[in-house]
Amino acid sequence: MVDARLKNGDLAADSAGNVETICGIDALFQRALICLKVPLGSFIYDRELGAPHSDSDAQRAELMLGEALAKYPGTSVKVLSVTGENARLEITVNGESRIEEVRLFGDV
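None of these values were measured; they are calculated from a predicted model. (Residues numbered from 1 in each chain as written. Predicted model: local features only at pLDDT ≥ 70, side-chain atom pairs only at ≥ 80, totals over all residues. Heavy atoms only, no water.)

A. The arrangement of the sheet that holds strand β6 (residues 86-93) in detail. Ordered by their spatial adjacency, 3 strands build an open sheet running β5-β6-β7, and the pairing between neighbours is antiparallel. Looking at strand neighbours, the two that pair on one side only are β5 (75-83) and β7 (96-103), the edges of this open sheet. Averaged over all pairs of adjacent strands, the angle between strand axes in this sheet comes to 25 degrees, irrespective of strand direction. Strand contacts of helix α1 (residues 25-37): β5, β6 and β7, with the helix running at about 30 degrees to β7, the strand carrying the most contacts. (Pairing = 2+ DSSP bridges. Helix = DSSP H or I, 4+ residues; strand = E, 2+ residues; numbered from the N terminus. Axes fitted to C-alpha atoms, helices over the stretch in contact; angles between N-to-C directions. Contact = heavy atoms within 4.5 Å.)

Written as structure tokens, this is what we have:
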């Protein structure tokens, strides 16, 4: 899998102005992170992309975020902590884990 690298919500460019690309496990993690940040139904080209809005209950948030990733084989999420609207997550793709932080109410 090859994808364009996103940085701070925008396409990342190299020093020549070309769009940076990522592949393999990095692209899979980026895909999972996008799915967790986008509010369910807000992306016009794929209304099934994204996670439903959640509350500050970590267990409930983990269930909802896990459901959002169900269509991606070998991908899971564990909520480590919830502070206000932010959740610290452990995302696992094909046995490799990374820690990320997302807003539970969606990032645009």
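Next comes the rest of the write-up.
B. The environment of glutamate 62, seen in detail. Looking at the secondary structure, you find glutamate 62 in helix α2 (residues 58-68). Of the residues examined, glutamate 62 reaches a relative accessible area of 30% and is grouped as partly exposed. Taking the C-alpha atoms as reference points, glutamate 62 and aspartate 26, 36 residues apart in sequence, are found 22 Å from one another. Ignoring sequence-local partners within four residues, the contact set of glutamate 62 consists of Val77, Lys78 and Val79. (Buried < 20%, exposed > 50% of the residue type's maximum accessible area, 1.4 Å probe, protein only.)

C. Representation of the pairing of β6 within the structure. Here β5 pairs with β6 via 8 bridges, running antiparallel. Bridge pairing in β6 links lysine 78 to glutamate 90. A loop of 2 residues connects β5 with β6, the two strands running antiparallel in sequence, and glycine 84 in this loop sits at a positive phi of about 60 degrees. Here β6 pairs with β7 via 8 bridges, running antiparallel. Bridge pairing in β7 places glutamate 90 opposite isoleucine 99.

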